[in-house]
Amino acid sequence: MNNEDQTLQQLKSEIIKEAEKGSAFLYAGAMYWLMMGLLSLFIESDQLLALCYLVGLGSIFPLAILISRLLQANLFSKNPLGELSGITGGIQAFYLLIWIILYIENYQLLPTAIGVLAASHFLPYIWIYNSKTYGYFTVLTAAVSLIFGYIFIEQAFISLPFLLASVYILTVVGLTFETKSVH
């Protein structure tokens, strides 16, 4: 069917099935946070660890592509909502400037900033994927990042990544249930 002939709801249903609600990115995000947590057990310098956080961000997109292929999900749909989803995800490229400045000025805040800003870019997926789970994910990720990355900043490099990896995995489970109800 030509996209121009589809209703908005048909386009949404198509992208939900085709992209599996973007769960590949959450798997990749969970792996990123888990790796950062594991690195915190071996790297004693918080500044070096913050640099690992910054450099490691570059692994999420290629990892999500690999995971999407394993899941047989299409992240490069020609569906207009797929294009919107890609643009929404691309917003994070602009966050990189903020993360670099934070690394230079106050690297201890980097885990918090990554967590909160990453959470914020997922907000439109509530509508794109008809997903309450993305709403819970966005709020929970931002709250956990603020509490365990800023209020308990001395523990941010150890506690925050493991907590966020858990939130990401729980979100994948929620999205899986949502997606199955659509199929």
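One structure accompanies this document, and this report is about it. Computed from a predicted model, the values in this text were never measured in an experiment.

A few words now on the overall build of the protein. Helix and strand counts for the protein come out as ten helices and zero strands. Along the chain direction, N to C, the helices and strands of the protein fall in the order α-α-α-α-α-α-α-α-α-α. Taken against the 2.2 N^0.38 rule, which gives 16 Å for 183 residues, the C-alpha radius of gyration of the protein at 17 Å falls within 12% of a compact globule. Based on the C-alpha atoms only, the size of the protein along its principal axes is roughly 55 × 30 × 25 Å. Sorting the 183 residues of the protein into buried and exposed places 45% on the buried side. Restricting to contacts in the protein with at least 6 residues of sequence separation, those with at least 24 account for 76%. Within the structure as shown, the protein displays about 9700 Å² of accessible surface, and the carbon and sulfur contribution to it stands at 69%. With 7 positive and 11 negative side-chain charges, the protein shows a separation of 12 Å between the mean positions of the two kinds.

Here the focus is the packing of helix H2 (residues 23-40) against helix H3 (residues 46-56). Relative to each other, H2 and H3 sit at 160 degrees, their axes nearing to 10 Å. Our classification of the angle between H2 and H3 gives roughly antiparallel. Considering only the axes of H2 and H3, their crossing is right-handed. Where H2 approaches H3, its residues Tyr32, Trp33, Met36, Leu39 and Ser40 are matched on the opposing element by Leu49, Cys52, Tyr53 and Gly56. Of the residues contributing to the contact of H2 with H3, the split by class is seven nonpolar, two polar and no charged.

Our focus in this paragraph is the packing of aromatic side chains. Taken as a whole and assessed by the stated rule, the structure comprises 14 aromatic pairs. Ring geometry for Tyr32 versus Trp33: centroids 5.1 Å apart, planes at 75 degrees, classification edge-to-face. Considered together, Tyr32 and Trp33 belong to a single accessibility category, that of buried residues. Taking the centre distance of 5.8 Å and the plane angle of 75 degrees together, the rings of Tyr95 and Trp99 count as edge-to-face. One end of the pair is Tyr95 and the other is Trp99, both in helix H6 (residues 92-106) and four residues apart, which spans about a single turn. Classification of Tyr95 as buried rests on a relative accessible area of 13%. The buried category is assigned to Trp99, whose relative accessible area is 4%. Every member of this aromatic cluster is reached through a ring pair, and the members are Phe122, Tyr125, Tyr129, Tyr134, Phe137 and Tyr168.

What follows covers the packing of H2 against helix H4 (residues 60-71). At a minimum axis separation of 8 Å, H2 and H4 run at an interaxial angle of 130 degrees. Accordingly, the angle class assigned to the pair H2 and H4 is oblique. Here H2 runs over H4; the crossing is right-handed. On the side of H2, the interface is formed by Ser23, Ala24, Phe25, Tyr27, Ala28, Gly29, Met31 and Tyr32, while H4 contributes Ile60, Phe61, Leu63, Ala64, Ile67, Ser68 and Leu71. Among the residues forming the contact of H2 with H4, the class breakdown is twelve nonpolar, three polar and no charged.

Our next topic: the layout of surface pockets. Put simply, the largest pocket is a space of about 750 Å³. Looking at the lining of the largest pocket, the elements with two or more residues in it are helix H1 (8-19), H2, H4, helix H5 (80-90), H6 and helix H7 (110-121). With six residues, H5 is the largest single contributor of residues to the lining of the largest pocket. Of the residues that constitute the lining of the largest pocket, the class distribution is 21 nonpolar, twelve polar and one charged.

Conventions adopted
- Residues numbered from 1 in each chain as written.
- Predicted model: local features only at pLDDT ≥ 70, side-chain atom pairs only at ≥ 80, totals over all residues.
- Heavy atoms only, no water.
- Helix = DSSP H or I, 4+ residues; strand = E, 2+ residues; numbered from the N terminus.
- Rg over C-alpha atoms; globule rule 2.2 N^0.38 Å.
- Buried < 20%, exposed > 50% of the residue type's maximum accessible area, 1.4 Å probe, protein only.
- Contact = heavy atoms within 4.5 Å.
- Areas by Shrake-Rupley, 256 points an atom, 1.4 Å probe, with all protein chains shown as cover.
- Lys, Arg positive; Asp, Glu negative; His and termini not counted.
- Charge placed at Lys NZ, Arg CZ, Asp CG, Glu CD.
- Axes fitted to C-alpha atoms, helices over the stretch in contact; angles between N-to-C directions.
- Parallel < 35°, antiparallel > 145°, perpendicular 65-115°, else oblique.
- Left-handed = near helix turned anticlockwise from the far one by under 90°.
- Nonpolar A, V, L, I, M, F, W, Y, C, P; charged D, E, K, R; others polar.
- Phe/Tyr/Trp six-rings, centres within 6.5 Å; stacked < 30°, edge-to-face > 60°.
- 1 Å grid on protein atoms, 1.4 Å probe; cavity = no way out; pocket = protein on both sides within 12 Å on 5 of 7 lines; lining within 4 Å.
- Points joined across faces, edges and corners; volume = space filled by probe spheres on them.

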